[in-house]
Amino acid sequence: MPRESIVGSGGVITPLAEPPAIIRDMVHDDLSMVSDIERRSYDFPWSHGVFRDCLLAGYQCVTLIRDQRVSGYSILSVAAGEAHILNLCIDPEFRALGYGEKMLDELLYRARAANVRDVFLEVRPSNSTALGLYRKKGFHQIAERPAYYQASDGREDAAVLVKKLVITS
Ligand SMILES: CC(C)(COP(=O)(O)OP(=O)(O)OC[C@H]1O[C@@H](n2cnc3c(N)ncnc32)[C@H](O)[C@@H]1OP(=O)(O)O)[C@@H](O)C(=O)NCCC(=O)NCCS
């Protein structure tokens, strides 16, 4: 059964902002709305099939539901004490409302619950909005991957960021 929650509260549906929004596990029926947001958000979007494979692979696939519509999503892979944020995206119509930060909080909650020590991600150095969010949440750059991303004029490097989590138990 899909899990619905406000960040970290485990099963309680609570408004995040106005109008009320919830975060819950992604299901297959969400994929067309997810793909639509993806196409409107990235120059080189993931295909519908990539999202389907993420669900099939058992990654932590999360959606933000606002007015009964998917308005954001994120994908987290977890293995061997490490987590990797593979995608985090908010519908362009609903940005700068705090949803991206709530989604990231949810991913960090899920990573902690899985006893993850380090959360990694790649981001384009030109993506100042995402960098602003990740830095605010305590991520810092540890490396660069040269020519990692497709770009309109060739390739773009990736900045590799990490956040160390404190394991309390
Ligand atoms: C990155 C993204 C998820 C942020 O989501 P959002 O809902 O707009 O962000 P929030 O409203 O939660 O903002 C949280 C923090 O992000 C940072 N931020 C948000 N918009 C910003 C901007 N335009 N410039 C710089 N920093 C910004 C700020 O630190 C902000 O905190 P503050 O409001 O206290 O200043 C969203 O812009 C998005 O979906 N972008 C397209 C997809 C993408 O690039 N994903 C990241 C791939 S690695």
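Residues numbered from 1 in each chain as written. Predicted model: local features only at pLDDT ≥ 70, side-chain atom pairs only at ≥ 80, totals over all residues.

Caption draft 1: A look at helix H1 (residues 31-41). Restricting attention to buried positions, one finds in H1 the residues Leu31, Val34, Ser35 and Ile37. The buried residues of H1 all sit within an arc of 160° when viewed along its axis, so they share a single face. Set apart from the buried face of H1 by more than 90 degrees, the exposed residues are Ser32 and Arg40. Close packing links the buried residues of H1 with helix H2 (48-57), strand E4 (69-79) and strand E5 (82-90). (Buried ≥ 20, exposed ≤ 12 C-beta atoms within 10 Å, placed from the backbone. Helix = DSSP H or I, 4+ residues; strand = E, 2+ residues; numbered from the N terminus. Arc of directions from axis to C-beta. Contact = placed C-beta atoms within 7 Å.)

Caption draft 2: Structural context of the environment of Lys136. Relative to the helices and strands, Lys136 is located in helix H4 (residues 128-136). Classification of Lys136 as exposed rests on a count of 11 C-beta atoms within 10 Å. Sequence spacing of Lys136 and Glu101 is 35 residues, and the spatial spacing of their C-alpha atoms is 9.0 Å.

Caption draft 3: Region of the structure containing the confidence of the model for the protein chain. Mean pLDDT for the protein chain: 90, with 88% of residues reaching 70 or above. The low-confidence segment residues 9-13, where pLDDT is below 50, has nine contacts with residues more than four positions distant or belonging to other chains. (pLDDT = per-residue confidence, 0-100.)

Caption draft 4: Spotlight on the pairing of E4. Alignment of strand E3 (residues 60-66) against E4, held across seven bridges, turns out to be antiparallel. Note that in E4 the partner of Ile65 across the bridge is Val70. Here E3 folds back onto E4, and the loop between the two strands holds two residues, one of which, Asp67, carries a positive phi near 50°. The pairing of E4 with E5 spans eight bridges and is antiparallel. Across the sheet, residue Tyr73 finds its bridge partner in E5, namely Cys89. (Pairing = 2+ DSSP bridges.)

Caption draft 5: Geometry of unusual backbone geometry. Non-glycine residue Asp67 carries a positive phi angle of around 50°. Judged by the 9 C-beta atoms lying within 10 Å of it, Asp67 falls in the exposed class. Its identity is not glycine, yet Ala80 carries a phi of approximately 50°, on the positive side. Classification of Ala80 by C-beta neighbours within 10 Å gives exposed; the count is 7.

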